[in-house]
Amino acid sequence: MNNDRTKLLCPQCKIGRFQVKNESGESVVVIVTDQHEIIPLHEGTSLDGFDLTVLYCLGCSWKGSDKRLTNK
């Protein structure tokens, strides 16, 4: 990942790591850039088959769209 990018944060707890899930209930930890690009935390992990429309915060109970994230 390019460390020059700003990560977007949870609007509730301000954590910058989220999960996305697939139909089988499997999850991948992701970050979201200030350009709303969803990137797996672990390089080489595929997001194929994962629902990128709902993010689940790893720090609290918030879930929602990347459009609701904040940079502060």
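Placed above this text is the structure.
Cut-offs used in this document
- Residues numbered from 1 in each chain as written.
- Predicted model: local features only at pLDDT ≥ 70, side-chain atom pairs only at ≥ 80, totals over all residues.
- Heavy atoms only, no water.
- Pairing = 2+ DSSP bridges.
- Helix = DSSP H or I, 4+ residues; strand = E, 2+ residues; numbered from the N terminus.
- Phe/Tyr/Trp six-rings, centres within 6.5 Å; stacked < 30°, edge-to-face > 60°.
- Buried < 20%, exposed > 50% of the residue type's maximum accessible area, 1.4 Å probe, protein only.
- Lys NZ or Arg CZ within 6 Å of the ring centre and 35° of its normal.

Student: Can you help me understand the sheet that holds strand β3 (residues 38-40) in this one?
Tutor: The strands making up a sheet are joined through hydrogen bonds of the backbone, oriented either antiparallel or parallel. Pairing in this open sheet of five strands is antiparallel, and the strands run β3-β2-β1-β4-β5 from one edge to the other. Because the sheet does not close on itself, it has two edges, and the strands there are β3 and β5 (63-64). Here strand β1 (residues 18-22) pairs with strand β4 (residues 50-57) via four bridges, running antiparallel. Bridge pairing links Gln19 to Tyr56 in β4.

Student: What is the right way to look at the packing of aromatic side chains in this model?
Tutor: The geometry of an aromatic ring pair comes down to the distance between the two centres and the angle between the two planes. Across all of its chains, the model carries one aromatic pair by this definition. Centroid distance Phe18 to Trp62: 6.3 Å. Interplanar angle 65°. Geometry classified as edge-to-face. Here Trp62 lies in the loop between β4 and β5 and Phe18 lies in strand β1, a separation of 44 residues in the sequence. For the pair formed by Phe18 and Trp62, the shared burial category is buried. Over the ring of Tyr56 we find Lys21, and its NZ or CZ is 4.4 Å from the ring centre.

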